[in-house]
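Geometric and topological summary
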Amino acid sequence: FLEHEVSKNRVGDTYDKGYTRQIPQIPMVTQGGAGYLKMTMTDRMKEILLDWYKARREDSMIPHDVIAGGYTNNHLVQFDKVDLDRFPKVHGAIKREMQ
């Protein structure tokens, strides 16, 4: 975080050093390392999303609301999203593929 984004004690932080009590309760899914896995898109996921997202970037982007709590700097740096709740068929297909 930069000086104008957060309180002085958080300047330079690249991760949350305060809200950490839950970390020991998160199950490790890898031996050694960070304990998490990066998701690789399946061929089916690519079929569902890639062309659809390319089209939706042109007609369905909406501003992301500010994330409260100081976890991000999106109160200063705006970003947009495609809200899957507005596309229930695609949302359902993604959920089925991820199960």
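Residues numbered from 1 in each chain as written. Predicted model: local features only at pLDDT ≥ 70, side-chain atom pairs only at ≥ 80, totals over all residues. Heavy atoms only, no water.

Okay, the overall build of the chain next. Per the secondary structure count, the chain includes two helices and two strands. The helix and strand sequence of the chain, counted from the amino end, reads α-β-β-α. For the chain, the C-alpha radius of gyration of 18 Å lies well beyond 13 Å, the compact-globule estimate for 99 residues. Dimensions along the principal axes, computed over C-alpha positions, put the chain at roughly 45 × 40 × 15 Å. Across the 99 residues of the chain, 20% fall into the buried class. (Helix = DSSP H or I, 4+ residues; strand = E, 2+ residues; numbered from the N terminus. Rg over C-alpha atoms; globule rule 2.2 N^0.38 Å. Buried < 20%, exposed > 50% of the residue type's maximum accessible area, 1.4 Å probe, protein only.)

So, on to the nonpolar core. Met45, Ile48, Leu49, Trp52, Val82, Phe87, Val90, Ala93 and Ile94 together form the largest nonpolar core, which totals nine residues. Contributions of two or more residues to this core are made by helix 1 (43–59) and helix 2 (88–98). With four residues, the top contributor of residues to this core is helix 1. Sequence-distant contacts of Trp52, that is, excluding residues within four places in its chain, are made with Val82, Leu84, Phe87 and Val90. (Core = buried A, V, L, I, M, F, W, Y, C linked by side-chain atoms within 4.5 Å. Contact = heavy atoms within 4.5 Å.)

Moving on, we come to the environment of Ile23. By the secondary structure assignment, Ile23 is in the segment before helix 1. Along the sequence, Ile23 and Arg57 sit 34 residues apart, while their C-alpha atoms lie 35 Å from each other.

Residues Tyr19, Ile67, Tyr71 and Phe79 make up a contiguous nonpolar surface patch of about 390 Å² in total accessible area. Since its relative accessible area comes to 32%, Ile67 is described here as partly exposed. (Patch = residues over 30% accessible without salt bridge, like charges linked within 9 Å, V, L, I, M, F, W, Y side chains within 5 Å. Areas by Shrake-Rupley, 256 points an atom, 1.4 Å probe, with all protein chains shown as cover. Salt bridge = Lys/Arg side-chain N within 4 Å of Asp/Glu carboxyl O.)

Let us now look at helix 1. Over its 17 residues, helix 1 extends 25 Å from the first C-alpha to the last, a length consistent with the 24 Å expected when each residue adds 1.5 Å. By the largest-angle criterion, Tyr53 marks the main kink of helix 1, which is about 35°. When helix 1 is considered as a whole, its buried residues turn out to be Met45, Ile48, Leu49, Trp52 and Arg56. (Expected span 1.5 Å × (residues − 1). Bend = angle between axes of the 7 residues up to and from the residue.)

In this fold, Asn74 is placed in the loop between strand 1 (62–63) and strand 2 (80–81). Excluding residues within four positions of it along the chain, Asn74 makes contact with His64, Asp65, Val66, Ile67 and Phe79.

What follows covers the environment of Val6. Position of Val6 among the secondary structure elements: in the segment before helix 1. Overall, the relative accessible area of 18% leaves Val6 in the buried class. Contact partners of Val6, with chain neighbours within four places excluded, come to Phe1 and Val11.

As a further point, take the packing of helix 1 against helix 2. At a minimum axis distance of 9 Å, the contact between helix 1 and helix 2 shows a crossing angle of 155°. As the angle between them shows, helix 1 and helix 2 are arranged roughly antiparallel. You can see that helix 1 and helix 2 cross each other, and the crossing is left-handed. Only Val90, Ala93, Ile94, Glu97 and Met98 of helix 2 make contact with helix 1, whose side of the interface consists of Arg44, Met45, Ile48, Leu49 and Trp52. Tallied by class, residues from the contact of helix 1 with helix 2 come to eight nonpolar, no polar and two charged. (Axes fitted to C-alpha atoms, helices over the stretch in contact; angles between N-to-C directions. Parallel < 35°, antiparallel > 145°, perpendicular 65-115°, else oblique. Left-handed = near helix turned anticlockwise from the far one by under 90°. Nonpolar A, V, L, I, M, F, W, Y, C, P; charged D, E, K, R; others polar.)

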